[in-house]
Amino acid sequence: MNAKIEDIDAVVAAVERQADGISSWEFRRADGGPLPPFTAGAHIDVQLANGMSRSYSLCNAQEDRDRYVVAINRDPNSRGGSTLIHDTVKPGDRITLSAPRNHFPLVEDAGHVVLIAGGIGITPMYCMIQRLQRLQRSWELWYSCRQRSMCAFRERLEALEASKPGRVHFNFDQEPGGRMLDLKQVIAGTLGDAHFYCCGPNPMLQAFETAATELGRPRDHVHVEYFAAKEEAALEGGYSVVCVQSGIELRIEHGQSILDALIKADIDIAYSCSEGICGTCECKVLEGVPDHRDSVLTPDEQAANDRIMVCCSGSQSARLVLDI
Ligand code: FES
């Protein structure tokens, strides 16, 4: 995580078990002051002791000004961030956070909102539900987990369902008789003007995007958030990047990302995930055509070619001019 991001000196106020393998961490400012505001769907970067930085969606209500809460799945197949947090980050620890950013914002005046979560993908959805409840908007949740015991926020979701039945649908695909959530059926079963939000493992997101396209849902009503890269980074090299603010031109070599070249040239650039999912390394494109490989920008935003995630995207043109 780079100094360009507003760093927050925080303290771990609480750690709470939410489900098998999932716990939540509550952070407050170390000086006791208010935190920067956020909106439903936002995430923060958490700086870990080993120098790694990881992005996590906020799952508490956006009206909270004194705390951020993230829920994290202990994932043995991850790059180590979740395991490190589970094993080492305890109440009372000091920790550095970034200010929240939101690439998965909620359309608050949608006629109806359909939230689809797979596993730990429930975290931004739970934040959105609290917001939709506060605004008294129409919503429904489809939440798929392998087993009931792995379902985070279950009691609170069951209470919401009890207060107004028909909104919360659980799917436990690895329990006896269980099967994969039928995304096509979920999408087809809702009115044409609904907005859809999906967050979960990549195969689920890709199946969701395909189903939404096949069923003719408008692209701007279909919102996804990836937790892992959906494409390989562009490392072909063979083009130049002009950094206007720094006044230098860099040759991007084979095997190198633009971010690698910027760091090597000592250019001040904020970054976190290094795989195109957090949006921290976004740069403005002044000239040239990027080869977009990120999971942050929508297809329309990518087509505008005025922004690039330099950690993973490359260039289709021989020269790319960036406002950096
Ligand atoms: S560093 Fe996360 S998108 Fe580039």
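How each quantity is defined
- Residues numbered from 1 in each chain as written.
- Predicted model: local features only at pLDDT ≥ 70, side-chain atom pairs only at ≥ 80, totals over all residues.
- Heavy atoms only, no water.
- Helix = DSSP H or I, 4+ residues; strand = E, 2+ residues; numbered from the N terminus.
- Rg over C-alpha atoms; globule rule 2.2 N^0.38 Å.
- Buried < 20%, exposed > 50% of the residue type's maximum accessible area, 1.4 Å probe, protein only.
- Contact = heavy atoms within 4.5 Å.
- Areas by Shrake-Rupley, 256 points an atom, 1.4 Å probe, with all protein chains shown as cover.
- Arc of directions from axis to C-beta.
- Pairing = 2+ DSSP bridges.
- Axes fitted to C-alpha atoms, helices over the stretch in contact; angles between N-to-C directions.
- Left-handed = near helix turned anticlockwise from the far one by under 90°.
- Nonpolar A, V, L, I, M, F, W, Y, C, P; charged D, E, K, R; others polar.
- Domains from an automatic or database assignment.
- Buried area = accessible area lost by both parts, 1.4 Å probe.
- Salt bridge = Lys/Arg side-chain N within 4 Å of Asp/Glu carboxyl O.
- Polar contact = N/O pair within 3.5 Å; in protein donor to acceptor, adjacent residues only side chain to side chain.
- Expected span 1.5 Å × (residues − 1).

1. Overview of the overall build of the protein chain
Alright, step 1. Of the regular secondary structure elements, the protein chain holds seven helices and 18 strands.
Alright, step 2. In terms of C-alpha radius of gyration, the protein chain reaches 20 Å, essentially the compact-globule figure of 20 Å for 324 residues.
Alright, step 3. Dimensions of the protein chain, computed from C-alpha atoms along their principal axes, come out at roughly 60 × 50 × 35 Å.
Alright, step 4. Buried residues in the protein chain amount to 52% of all 324 residues.
Alright, step 5. Sequence-distant contacts, at least 24 apart, represent 66% of the contacts inside the protein chain between residues at least 6 apart.
Alright, step 6. Accessible surface, the protein chain: about 14700 Å² in total, of which carbon and sulfur atoms supply 47%.

2. Description of helix α1 (residues 81-88)
Alright, step 1. Turning to α1, its buried residues are G81, S82, I85 and H86. The arc that holds every buried residue of α1, seen down its axis, measures 130 degrees, which confines them to one face.
Alright, step 2. Those residues of α1 that are buried lie in contact with β2 (22-29), β3 (43-47), β4 (53-57) and β5 (68-73).

3. Describing the sheet that holds strand β12 (residues 239-243)
Alright, step 1. Overall, mixed pairing links the five strands, which are arranged β13-β12-β18-β14-β16 in an open sheet. The sheet is open, and its two borders are formed by β13 (248-252) and β16 (307-309), each paired with just one other strand. Taking each pair of neighbouring strands and ignoring which way they run, the sheet shows an average axis angle of 40 degrees.
Alright, step 2. Note: strand β14 (residues 282-287) against β16, three bridges, orientation antiparallel. Each residue of the ladder has a partner; that of C283, found in β16, is I308.

4. A closer look at the packing of helix α2 (residues 122-135) against helix α3 (residues 154-163)
Alright, step 1. Between α2 and α3, whose axes approach to 12 Å, the crossing angle comes to 35 degrees. For α2 against α3, the interelement crossing comes out left-handed. Contacts between α2 and α3 involve I122, Y126, I129 and Q133 on the former and, on the latter, R156, L157 and L160.
Alright, step 2. The residue makeup of the contact of α2 with α3, split by class, is five nonpolar, one polar and one charged.

5. What to know about the domain arrangement of the protein chain
Alright, step 1. According to the domain assignment, the protein chain contains domain 1 (7-98), domain 2 (113-226) and domain 3 (239-322).
Alright, step 2. When each unit is reduced to the centre of its C-alpha atoms, the spacing between domain 1 and domain 2 is 23 Å.
Alright, step 3. Taken together, the contact between domain 1 and domain 2 spans 17 residues of the former and 16 residues of the latter.
Alright, step 4. Summed over both sides, the interface between domain 1 and domain 2 buries roughly 1400 Å², with carbon and sulfur atoms accounting for 57% of that surface.
Alright, step 5. Taken as a group, Q18, C59 and E63 account for 29% of the area that domain 1 buries against domain 2, more than any other trio of residues on that side.
Alright, step 6. On the surface where domain 1 and domain 2 come into contact, there are two salt bridges.
Alright, step 7. Inspection of the region where domain 1 meets domain 2 yields seven residue pairs in polar contact (both at pLDDT 80 or more).
Alright, step 8. Mapped by element, the contributors of at least two residues to the side of domain 1 that touches domain 2 are β1 (7-19) and β5.

6. Topic: helix α5 (residues 202-214)
Alright, step 1. When the terminal C-alpha atoms of α5 are compared, their 18 Å separation across 13 residues agrees well with the 18 Å that a helix rising 1.5 Å per residue should span.
Alright, step 2. All of the buried residues in α5 are N202, M204, L205, F208, A211 and A212.
Alright, step 3. Looking one or two residues beyond α5, the residue adopting positive phi is G216, at roughly 75 degrees.

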